[in-house]
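Read off the chains here:
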Amino acid sequence: MVPNDSEFRLRVASSRWIQVCMAIGLIALVGAGIADPSRFWSNLLLISYLLLGMGLAGTFFVALQYMSGASWSVAFRRIPEALSSALPVGAIGMLVVFFFHPSLYPWSQAASAEGEGLTGFKAAWLSLPFFWVRSVIYIALWFLLSKLIVRSSREQDLDDSPRHTRSSIRYSAMFLVAFGFTFWLASMDWIMSLEPHWYSTMFGLYNFSGLFLGGLAAIILLVLWISKTTGLRDFVNEEHLHDLGKLLFAFSTFWMYIWFCQYMLIWYANITEESIYYIQRLHGFWEPIFLLNIFLNWIIPFIVLLPVSSKRSRSTLAKVAIVVLAGRWVDLYLMIFPALHGQTPVFGLWEIGSIVGACGLLLFFFQRALGQASLVPLNDPRLQDSLHYHN
Amino acid sequence: MAQLAETPYPPLSGNDEVLFHPIERTTRGFYITVAILLFFTVMMVVAYITQLREGLGVTGLTIPVYWGIYITNFVFFIGISHAGTLISAILRICHAEWRRSITRAAEVITVMVLLFGAGSVITDLGRPDRALNVILHANFRSPLLWDVCSITVYMTGSVIYLYLPLIPDIAMLRDRGKKWQWLYRLLAFGWSGTERQHRLLEKGIAVMAILVIPIAISVHTVVSWVFAMTVQPMWHSTIFGPYFVVGAIFSGIAALLIALAIIRKVYHLEEYLKEIHFRNLGQLLLVMSLLWFYFTFAEHLTTFYGNEPEEMHILMLKLYGPYSLLFWAMVIFCFIIPVGILGIPKWRNVTGTITASAFIVVGMWLERFIIVVPSLANPRLMPSQGIYLPSWVEIFISLGFFSTFILFYVLFTKFFPIVSIWEVKEGREKSLQEVHERVRTYIPHPLKEG
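Residues numbered from 1 in each chain as written. Chains lettered and ligands numbered in written order. Predicted model: local features only at pLDDT ≥ 70, side-chain atom pairs only at ≥ 80, totals over all residues. Heavy atoms only, no water.

Another point: the overall build of chain B. What chain B contains, in helices and strands, is 18 helices and zero strands. Computed over its C-alpha atoms, the radius of gyration of chain B comes to 24 Å, within 12% of the 22 Å expected for a compact globule of 450 residues. Referenced to the eigenvectors of the C-alpha coordinate spread, the extents of chain B come out at roughly 85 × 50 × 45 Å. Partitioning the contacts of chain B with sequence separation of at least 6, the portion at a separation of at least 24 is 83%. Approximately 20300 Å² of chain B is accessible, and the part contributed by carbon and sulfur atoms is 70%. Here chain B carries 34 positive and 29 negative side-chain charges, and the mean point of each set is 4 Å from the other. (Helix = DSSP H or I, 4+ residues; strand = E, 2+ residues; numbered from the N terminus. Rg over C-alpha atoms; globule rule 2.2 N^0.38 Å. Contact = heavy atoms within 4.5 Å. Areas by Shrake-Rupley, 256 points an atom, 1.4 Å probe, with all protein chains shown as cover. Lys, Arg positive; Asp, Glu negative; His and termini not counted. Charge placed at Lys NZ, Arg CZ, Asp CG, Glu CD.)

Below is the structure:
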């Protein structure tokens, strides 16, 4: 029998260190704001986009499980559900950038040389009011559907009705379609347009692959952490970890496939307007970071996760997930910073501080969301299947 | 209740005799079908001999439209080939139990259609003997050579992947001792069904299933690079690799559904190819249709955003110009109609999925055509060449390719069971038991009070 209710609620742990992390992040951002405002804005954009992506990845994971009728993941579904609470946090950061410092985007100033070169559809697309409206619509859509999915899952805890599973499936379908189209547009708007003359049809998909890869790494780490410290340990076993490891392996390879398709075609065709993007990122000190990105996101996870045993080992999985999360930051750093800070990479207290702060924020909201419902969706009709899952 | 406990699941009997019928009985319908298909094959031979004697001038190909419907067929056929291997391999790896009666039909499509995919390239050459130059004077920087390599590996892998699960069935045919004894004895490789043989076979199939997935993905990625590695407007697009792979799987599932429906009807296999198979494949088809649209949207809107004059010229030709009819037909056939049908659960039956599939197969051929031709007809450094129209030679060769592919498929079903008999048996004997055992472990004390 599944034991009921309160003992499976997370006791909000002594979260002193989470508060410390957030404080460090705050100090770093304020410090940067005073000492070097341009880095303040780039870091805010990067960190907010990262957090937003984590929240989206959590919702995407849950939606995917619902849509495919998967049962294996039910036991730990509350973890990605709680991860989706990072979505509004990241969204606020993004909106702050868009409304208070749109000059981060060269096209926003008509006077600038870049801005003048835009014509036709692109000029209409990249106009501030339209940009703001689009951004708000994307975020509102994701936030609404993500809330609905999480809410119907939690309501099932109370009244044990299978109709919640059905409505979750419906919301998941809506989310997946809406997310697919809008996230691709959003990544184009928010990141690609930092360099408004460069474009690549793969860019949205590339951003998605990174988003889900990083999200999976975060889900793995959180599952490992929560199942070590709470009653979740009786529900999550090696079989679940094995499948999470397989997913991480698969999406790491998917990321590499997408990365290679984009890089190879641009490198081979060698058209100046396109190759400038990579030339900038392979110039001087950017080159080691460029290579580091591939190591962190693909080479290390691929080699380490190849044997079955490492996908079932808690410590190996945790280490690989940390590597991939670092890779996620580096990947975004390579997309954003060369466009804004040019010739040489900048890395220092402000970047480290904002990473620590983002971790703190993520964990704070994650823990809060996790505490709002039972740790396991006790009344989900597929829970039994998940508990007896075998690979 | 007590009775239920004694017979935990309803026993499934059946000697699968009906699966041998296509091989052992020949109807008049078979000869008529073969005759019709052969007619088109003969027409193809006539057309090809004309092309060889007169040269490529008898086709609609011009400078700069070197590639017309031959290369369209090439991309299309290679796309269809993803039916088999990918569908069957992915379902096998995911332990999808419902795969058992459809894997064979899918794998045969792959092997047969690949011959015609590769053949399409040869027909595009005025001097087919020069195809060897790709190997004799290899240029390792050319995606054409990569294509030859990846398709050869794919062909080899797919043949092995088709053949391995066929061995126990061939042995069954050998033991029945009716037709073609020598052939079955040769191909059965001394299979006697021992435990060791079974273990080795399962292992071999599992390894091939895993190998074949990256190979299949690489094949269509490399096919897309034949286009994307040039600097032609609307060809040089970074998304082409996964876009082609998605289109390939999409058209492959549609082709598989059509094949299954015909096999089901002609060979009376309603018991094996049930509504549920069509419903499940229909769901997959719906997902692929949405994914295909996602990629099409991404490709075209980003190009629109990029706003480069040469690219915009071709994009406009597709959206509003002479190719617009084909373009919008493609969108309607590949997205609007399939989603309209498959989006409604009760229409995901045999008729619904087949209707959607028929539109998709046509729509995907149009997609390949719209990718190949407009960019060629409007190169960067030459004035526009108007519109390309295929000649009768090209049309007959293409029709012949389709009909000969179907002919080969039909002939396969005359020699080998199109539904994997031993796997169906295994499902009946082992998997049902496994599921029963697993479900039992969930229930604390089953039916004790009863």
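Structure shown, so let's carry the discussion forward.
Once that is clear, we can look at the overall build of chain A. Within chain A, the secondary structure is distributed over 16 helices and zero strands. A compact globule built from 391 residues would reach a C-alpha radius of gyration of about 21 Å, and chain A, at 21 Å, matches this within 12%. In terms of its C-alpha atoms, chain A occupies a principal-axis envelope of roughly 70 × 45 × 40 Å. Looking at the 391 residues of chain A, the share that counts as buried comes to 58%. In chain A, of all internal contacts separated by at least 6 residues, the share reaching a separation of at least 24 is 83%. Of the roughly 15400 Å² of accessible surface on chain A, a fraction of 68% belongs to carbon and sulfur atoms. (Buried < 20%, exposed > 50% of the residue type's maximum accessible area, 1.4 Å probe, protein only.)

On to the interface of chain A and chain B, then. Opposite the 35 residues of chain A that make contact, chain B presents 37 residues. Here chain A meets chain B over a buried area of about 3200 Å², counting both sides, of which 73% is carbon and sulfur. Applying the counting criterion to the chain A and chain B interface returns zero salt bridges. Our count for the chain A to chain B interface comes out at eight residue pairs in polar contact (both at pLDDT 80 or more). Looking at the side of chain A that touches chain B residue by residue, the classes come out as 23 nonpolar, nine polar and three charged. (Buried area = accessible area lost by both parts, 1.4 Å probe. Salt bridge = Lys/Arg side-chain N within 4 Å of Asp/Glu carboxyl O. Polar contact = N/O pair within 3.5 Å; in protein donor to acceptor, adjacent residues only side chain to side chain. Nonpolar A, V, L, I, M, F, W, Y, C, P; charged D, E, K, R; others polar.)

All names here are of chain B. Of the positions making up helix H10 (residues 181-188), those classed as buried are Leu 183, Tyr 184 and Ala 188. Viewed end-on, H10 has its buried residues packed into an arc of 120 degrees, placing them on one side of the element. Exposed side chains of H10 directed beyond 90 degrees from the buried face belong to Trp 182 and Leu 186. On its buried face, H10 sits against helix H2 (21-24), helix H9 (167-176) and helix H17 (392-415). Phe 189 lies just past H10 and shows a positive phi near 55 degrees. (Arc of directions from axis to C-beta.)

A few words on the packing of helix H8 (residues 163-190) of chain A against helix H13 (residues 275-306) of chain B. Remark: H8(A) packs on H13(B), axes separated minimally by 11 Å, with the N-to-C direction vectors making an angle of 20 degrees. With respect to their mutual orientation, H8(A) and H13(B) come out roughly parallel. Note on packing geometry: the crossing formed by H8(A) with H13(B) is right-handed. Along its contact with H8(A), which presents A:Val177, A:Gly180, A:Phe181, A:Trp184, A:Leu185 and A:Met188, the element H13(B) presents B:Leu290, B:Phe293, B:Tyr294, B:Phe297, B:Ala298, B:Leu301, B:Thr302 and B:Tyr305. Each residue belonging to the contact of H8(A) with H13(B) can be placed in one class, and the counts come to 12 nonpolar, two polar and no charged. (Axes fitted to C-alpha atoms, helices over the stretch in contact; angles between N-to-C directions. Parallel < 35°, antiparallel > 145°, perpendicular 65-115°, else oblique. Left-handed = near helix turned anticlockwise from the far one by under 90°.)

Turning our attention to unusual backbone geometry. Residues and elements named next belong to chain B. Residue Ile 63 is joined to Pro 64 through a cis peptide bond whose omega torsion reads 10 degrees. The topology assignment puts Pro 64 in the loop between helix H3 (28-54) and helix H4 (69-80). Despite not being glycine, His 268 shows a phi value in the positive range, around 55 degrees. Inspection of the secondary structure assignment puts His 268 in the loop between helix H12 (240-266) and H13. Accessibility expressed as a relative area gives 57% for His 268, which makes it exposed. We note that Asn 307 has phi near 65 degrees; this positive angle belongs to a residue other than glycine. Structurally, Asn 307 can be placed in the loop between H13 and helix H14 (309-319).

Residues and elements named next belong to chain B. Orientation of helix H8 (residues 143-163) relative to helix H11 (residues 195-228), taken along the N-to-C sense of each, is 155 degrees, at an axis distance of 9 Å. On the basis of their axis angle, the class for H8 and H11 is roughly antiparallel. Handedness of the crossing formed by H8 with H11: left-handed. Mapping the contact onto sequence places Pro 143, Leu 144, Trp 146, Asp 147, Ser 150, Ile 151, Val 153, Tyr 154, Gly 157, Ile 160 and Tyr 161 in H8 and Ile 205, Met 208, Ala 209, Val 212, Ile 215, Ala 216, Ser 218, Val 219, Val 222, Val 223, Trp 225 and Val 226 in H11. Counted by class, the contact of H8 with H11 contains 19 nonpolar, three polar and one charged residues.

Here we come to the confidence of the model for chain B. Residue and element names in this part refer to chain B. When pLDDT is averaged along chain B, the result is 88; 94% of the residues meet or exceed 70. With pLDDT under 50 throughout, residues 1-11 is counted as low confidence; its partners more than four residues away or in other chains account for seven contacts. Across the interfaces of the predicted complex, the ipTM metric reaches 0.90, alongside a pTM of 0.92. (pLDDT = per-residue confidence, 0-100.)

In the structure shown here, the tally under the stated rule is 84 aromatic pairs over all chains. Ring geometry for A:Trp125 against A:Phe130: centres 5.5 Å apart, planes inclined by 85 degrees, an arrangement best described as edge-to-face. Judged by its relative accessible area of 36%, A:Phe130 is partly exposed. Where A:Phe181 meets B:Tyr294, the ring centres are 5.8 Å apart and the plane angle is 70 degrees; that geometry is what we call edge-to-face. Highlighted residues: A:Phe181 in helix H8 and B:Tyr294 in helix H13, drawn from two different chains. Neither A:Phe181 nor B:Tyr294 differs from the other in exposure class; each is buried. In this structure, A:Arg134 packs its charged tip against the face of A:Phe130, placed 4.4 Å from the ring centre. A cation over an aromatic ring shows up here: A:Arg281 above the ring of A:Tyr277, its NZ or CZ 3.6 Å from the ring centre. (Phe/Tyr/Trp six-rings, centres within 6.5 Å; stacked < 30°, edge-to-face > 60°. Lys NZ or Arg CZ within 6 Å of the ring centre and 35° of its normal.)

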